[in-house]
Amino acid sequence: MTLHLFNTLGRQKQEFKPIKKSKVGLYTCGPTVYDYAHIGNLRSFVFEDILKRVLQYNNYKVNHVMNITDVGHLVSDNDEGEDKMEKGSRRTGKTAWEIANFYTLSFKKDLVDLNIISPTTLCKATDHIKEQIALIKKLEKKDFTYQTPDGIYFDTSKLRDYGKLADLRHQDLRAGYRVDMGGKRNTSDFALWKFSPKFEKRQMEWESPWGVGFPGWHIECSAMSVKYLGQPFDIHCGGIDHVPVHHTNEIAQSEAATGKPMANYWLHNEFLNLENAKMSKSDGNFITLLTLTEKGYSPLAYRYFLLQSHYRKQTIFSFEALDSAQKGLEHLYASARNIDKKSKASKETKEIFLNFINNDLDIPGALAFVWEKIKEKKIDLKTLLKFDEVFGLKIKENLKETKIKISDDAEKIKKERDTARTNKDWKKSDELRAKLESMGYKVEDTKEGTKISK
């Protein structure tokens, strides 16, 4: 089966046809490194990793470029407020450069912990100021720009199909429509270059043909994607929130500058929400991967949790759901260890798995199908490990059960609990479970008795 992906640009599922045979140029929007990435942000990077793994499973060589936004992203997507890096600097007392370095390293650790394959190129906005200025100059020569008291802006009225990605012409969803016009000509116009405030020295600012300042948020992705992938390239990804503003403006400036499409396929993942609210750094309402690991969860349990929902479906996060995911992952590892050596996957099994993943990354369907084959004893270890090249759950690394040292006190309580369960003294059994859990152990009831682990 050929690979089909839902293209936001056409708002339909389309057969994937790369520009160059067997090669894919992939650009994914990276983090703004003024704070820790929260688990909602990380959903995007897991989705993009799955996409890359599916492409590789289909024998494509993927050239993956991801940006690091370390300047220019204002606290409002509509060119209002201060730069997020300057805000992070004020919050922590560190320089903007120290902030960027610290949270970039933290993000890289998150990628490793979630078993996300590193991008081919990870590029920082601050390393590509020259390229961004050159692109703005190109737009200026083509008369797509104008100057206001606070910066250089892109005139969206001069681009006939502005907003095509978000279908802005057919809905009341205009980039910047709630913003004070200020010196802007149109509500949807956006900053390409912002001037440094008068009488104030910014930590991150550069000389330009228009004066001292810093680039707008959107221009970095256009400048860096064309540098490393050319234009057009195959696939551009990001969160669904990027559609009406960031990706819409990327397309506008890239296509105005070159007269060519920016990318052929645009893929976006939906939000991950908390039970009662949207996860948001600006509201201080977010959970990090570190939060989960400190509570005793494996980062791969969070990955497993995400694999159970389609990337285009909004997902609610809860610790109860994560508990279930952690148990499911451990059960998968145990099942892999115990696969009958006589079991063998049929050619049809491999084809059905491929059909799932090639149907717009139906990973929940593929995962459920694999569980079905495990229960039927119709899958061999080699095939399961091959399928895990897509899941990225590190099954191979967990084929040997990790031995943990249990204290003498815990071992004694464990035996007491087994006795209580044998005697059907459920009250005492529950009390002893609670005691073990308070000591930092996880308790699982099995046919062989109480099993405890860290």
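Notes on the structure in this doc start here.

What counts and how
Residues numbered from 1 in each chain as written. Predicted model: local features only at pLDDT ≥ 70, side-chain atom pairs only at ≥ 80, totals over all residues. Heavy atoms only, no water. Pairing = 2+ DSSP bridges. Helix = DSSP H or I, 4+ residues; strand = E, 2+ residues; numbered from the N terminus. Axes fitted to C-alpha atoms, helices over the stretch in contact; angles between N-to-C directions. Contact = heavy atoms within 4.5 Å. Buried < 20%, exposed > 50% of the residue type's maximum accessible area, 1.4 Å probe, protein only. Lys, Arg positive; Asp, Glu negative; His and termini not counted. Salt bridge = Lys/Arg side-chain N within 4 Å of Asp/Glu carboxyl O. Polar contact = N/O pair within 3.5 Å; in protein donor to acceptor, adjacent residues only side chain to side chain. Parallel < 35°, antiparallel > 145°, perpendicular 65-115°, else oblique. Left-handed = near helix turned anticlockwise from the far one by under 90°. Phe/Tyr/Trp six-rings, centres within 6.5 Å; stacked < 30°, edge-to-face > 60°. Lys NZ or Arg CZ within 6 Å of the ring centre and 35° of its normal.

Description of the sheet that holds strand S8 (residues 190–195)
Here is step 1: Strand order in the open sheet made by the 4 strands is S6-S7-S8-S9, with antiparallel pairing throughout. Across the chains shown, the open sheet's two edge strands, defined by having one partner strand only, are strand S6 (145–148) and strand S9 (213–215). Neighbour-to-neighbour, the strand axes of this sheet turn through a mean angle of 25 degrees, independent of strand direction.
Here is step 2: As paired elements, S6 and strand S7 (residues 151–154) share 4 bridges and run antiparallel to each other. In the strand pairing of S7, Thr148 is matched with Gly151.
Here is step 3: Most of the contacts of helix H4 (residues 129–141) go to S8, to which it runs at about 120 degrees, and overall it touches S6, S7, S8 and S9.

Describing the side chain of Asp234
Here is step 1: Counting through the fold element by element, Asp234 comes out in strand S10 (residues 233–239).
Here is step 2: Put simply, Asp234 is tucked away with no salt bridge, and the nearest opposite charge, on Lys20, sits 8.3 Å away.
Here is step 3: One polar contact links the side chain of Asp234 to the main-chain amide nitrogen of Gly25, over a distance of 2.9 Å.
Here is step 4: If sequence neighbours within four positions are ignored, Asp234 has contacts with Phe16, Lys17, Pro18, Ile19, Lys23, Val24, Gly25, Ala263, Asn264 and Tyr265.

Things to note about the packing of helix H5 (residues 217–229) against helix H6 (residues 243–258)
Here is step 1: Here H5 crosses H6 at 55 degrees, and the two axes come no closer than 9 Å. Judged by the angle between their axes, H5 and H6 are oblique. Considering the relative orientation of H5 and H6, their crossing is right-handed. Contacts from Trp217, His218, Ile219, Cys221 and Ser222 of H5 reach H6 at Val245, His246, Asn249, Glu250, Gln253 and Ser254.

Let's talk about the packing of aromatic side chains
Here is step 1: For the coordinates displayed, the defined rule picks out 22 aromatic pairs.
Here is step 2: Ring geometry for Phe16 against Tyr60: centres 5.6 Å apart, planes inclined by 80 degrees, an arrangement best described as edge-to-face. With a gap of 44 residues between them, Phe16 in the loop between strand S2 (12–15) and strand S3 (23–28) and Tyr60 in the loop between helix H1 (39–57) and strand S4 (61–68) connect regions that are remote in the sequence. Here Phe16 matches Tyr60 in class, with each residue buried.
Here is step 3: Each ring, one from Phe102 and one from Tyr103, has its centre 4.9 Å from the other, and the planes form 90 degrees; the classification is edge-to-face.
Here is step 4: With a relative accessible area of 34%, Phe102 lands in the partly exposed category.
Here is step 5: Overall, the relative accessible area of 8% leaves Tyr103 in the buried class.
Here is step 6: Every member of this aromatic cluster is reached through a ring pair, and the members are Tyr297, Tyr302, Phe305, Phe317 and Phe319.
Here is step 7: Over the ring of Phe6 we find Arg312, and its NZ or CZ is 4.1 Å from the ring centre.

Considering the pattern of salt bridges
Here is step 1: Applying the stated criterion across every chain yields a total of 19 salt bridges.
Here is step 2: Its salt-bridge partner being Lys158, residue Asp143 comes within 2.8 Å of it at the nearest N-O pair. Note that Asp143 is positioned in the loop between H4 and S6 and Lys158 in the loop between S7 and S8, a separation of 15 residues in sequence.
Here is step 3: Under the relative-accessibility criterion, Asp143 is labelled partly exposed at 44%.
Here is step 4: Since its relative accessible area comes to 37%, Lys158 is described here as partly exposed.
Here is step 5: Here Asp360 makes a salt bridge to Arg312, at a shortest N to O gap of 2.9 Å. One end of the pair, Asp360, is in the loop between helix H10 (347–358) and helix H11 (363–376); the other, Arg312, is in the loop between helix H8 (299–307) and strand S13 (315–317), and 48 residues separate them in sequence.

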